[in-house]
Amino acid sequence: MSEAKPAPNGGRGRRPGSTDVARLAGVSQKTVSRVLNGEPYVKEEVRLRVQAAMRELGYRRNNAARALNSGRTRRIGVVCLGTALFGPSTQLVAIERTLRSTGYSLSIVNTLEGDTGGVAGAVEHLLEQGVDGIILSEPIDEGDDQPINVDLPVLSFGQFPGLTARSALYTGGDNTGAGRLATEHLLGLGHRTVWHVAGPQRWWAARERLEGWRQALAAAGVPEPPVLEGDWLPASGYEAGRQLARNDEVTAIFVANDDMAIGVLRALAEAGRSVPGEVSIVGFDDIPSAAYLSPPLTTVPQDFDAHVARGIANLVTEIESPTGDRSPAPEPPPLRLVIRHSTAPAS
């Protein structure tokens, strides 16, 4: 294979196709197809030469027949956490519904928290399947500083340091602003300060809600209490609530999601601390059961449909018109607070 080779992408231009592989390997495109399909009657030396050409070009197989002609599959890959948590699962449903309306199909790869390199491995798996773009649905800090370099448009619903892509798009709810809004509501009710039960700090969303809480306290010039960290689940909220219930100075709590707020409510009830008589609580997400708790929970809702639609519209534009003119992105939906009976003026 000493003849002139097709230039590698280097992050620009079209992805290598089977014709490029055939040219580099010195075989016909039909032979490349036979190697890809694992067909018999291909000499081992030829098979190895074709596979070497694929590696050299960074060619990844695309099983869709249209990709052999156009280089496009109309398929988008989604990397998501393997979790039934309300936020990620609701967002995934919104992604699937929105993509279906665009005519693109969906490939999903789940990762698990604590799976080192899980996102990078999931992205590679999607690239091998052949996708036109990738969505990172719930970025977390994996702590291994493993960069992700993708020669495709990538949409991330939140921060993702270390991501390099042909076009890196970011969207999602304003977690920092929402944290401020929840905290300001409690301070506006006359509470001296607001305690915080944070989500796991490996999640960028949890860090941003924590930052919003801190900003609101600093702007009001009130003391910042110690942070209690949970894992998004009610049991961790319950343990945090037991600690807070023993402290008579606690009169207001911002909890980073509604599921943990349920645990906090249970712990306060067991300790005989009245909500909202003695302690006011604000959650986050507005899960379907929030309105039916005792008391009904004041919370910050997330508009998953709006930010998913906005992000996917931008992603599809990048896939189909990578050098075309861009229309101004629509404004994100305004933040709002659903006020119920878990918050009241400080007594």
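The present account deals with the structure reproduced in this document.

What counts and what doesn't
- Residues numbered from 1 in each chain as written.
- Predicted model: local features only at pLDDT ≥ 70, side-chain atom pairs only at ≥ 80, totals over all residues.
- Heavy atoms only, no water.
- Pairing = 2+ DSSP bridges.
- Helix = DSSP H or I, 4+ residues; strand = E, 2+ residues; numbered from the N terminus.
- Axes fitted to C-alpha atoms, helices over the stretch in contact; angles between N-to-C directions.
- Contact = heavy atoms within 4.5 Å.
- Salt bridge = Lys/Arg side-chain N within 4 Å of Asp/Glu carboxyl O.
- Buried < 20%, exposed > 50% of the residue type's maximum accessible area, 1.4 Å probe, protein only.
- Polar contact = N/O pair within 3.5 Å; in protein donor to acceptor, adjacent residues only side chain to side chain.
- Phe/Tyr/Trp six-rings, centres within 6.5 Å; stacked < 30°, edge-to-face > 60°.
- Lys NZ or Arg CZ within 6 Å of the ring centre and 35° of its normal.

## Notes on the sheet that holds strand β3 (residues 133–136)
On the basis of which strands lie adjacent, the open sheet formed by 5 strands has the order β2-β1-β3-β4-β5 and parallel pairing. Of all strands in the sheet, those bounded by a partner on one side alone are β2 (105–111) and β5 (163–170). Across the sheet, the mean angle separating the axes of adjacent strands is 30° when strand polarity is ignored. Strand contacts of helix α5 (residues 86–102): β1 (75–81), β2 and β3, with the helix running at about 160° to β2, the strand carrying the most contacts. Packing of helix α11 (residues 304–320) onto the sheet brings it into contact with β1, β3, β4 (148–156) and β5, and relative to β4 it is tilted by some 140°.

## A few points about the pattern of salt bridges
Per the counting criterion, the structure on display carries 11 salt bridges. E45 is paired through a salt bridge with R49; the nearest N and O atoms lie 2.3 Å apart. Of this pair, E45 and R49 are both found in helix α3 (residues 44–57), 4 residues apart, which corresponds to roughly one turn of the helix. The class for E45 is partly exposed, based on a relative accessible area of 48%. Its relative accessible area of 22% is what places R49 among the partly exposed residues. Note that R74 is salt-bridged to E320, the shortest N-O span being 3.2 Å. Here E320 lies in helix α11 and R74 lies in the loop between α4 (65–70) and β1, a separation of 246 residues in the sequence. Classification of R74 by relative accessible area gives partly exposed; the value is 24%. Relative accessible area serves as the criterion here: at 36%, E320 is assigned to the partly exposed category.

## Things to note about the side chain of H191
Within the secondary structure layout, H191 lies in the loop between α7 (175–188) and β6 (195–198). With a relative accessible area of 6%, H191 lands in the buried category. At 3.4 Å, the side chain of H191 and the side chain of S280 are in polar contact. Those residues in contact with H191, other than ones at most four positions away along the chain, are L186, T251, A252, S280, A344, P345 and A346.

## As for the packing of aromatic side chains
Inspection of every chain in the model, using the stated rule, returns 2 aromatic pairs. Aromatic side chains F86 and F304 sit 6.2 Å apart centroid to centroid with 70° between the ring planes, which places their arrangement in the edge-to-face category. Pair noted here: F86 is in helix α5 and F304 is in helix α11, with a separation of 218 residues, a long-range link. On the basis of relative accessible area, F304 is assigned to the buried category, the value being 7%. For the pair W203 and W232, a centre-to-centre distance of 5.5 Å together with 80° between the ring planes defines the contact as edge-to-face. A residue pair is termed long-range when its members are at least 10 positions apart, and W203 in the loop between β6 and α8 (204–220) and W232 in the loop between β7 (227–229) and α9 (234–245) qualify at 29 residues. Judged on exposure class, the residue W203 and its partner W232 are both buried. One Lys or Arg, R207, reaches over the ring of W204 and ends 4.3 Å from the middle of that ring. In this structure, R209 is placed above the aromatic ring of F284, and the distance from its NZ or CZ to the ring centre is 3.8 Å.

## Description of the sheet that holds strand β10 (residues 298–301)
One open sheet holds the 5 strands; their spatial order is β7-β6-β8-β9-β10, and the pairing between them is parallel. On the outer flanks of this sheet lie β7 and β10, each paired with one strand and no other. Across this sheet, the average inter-strand angle for adjacent strands is 20°, counted without regard to direction. Direction of pairing for strand β8 (residues 252–255) relative to strand β9 (residues 280–285): parallel, over a ladder of 3 bridges. Bridge pairing links I253 to I281 in β9.

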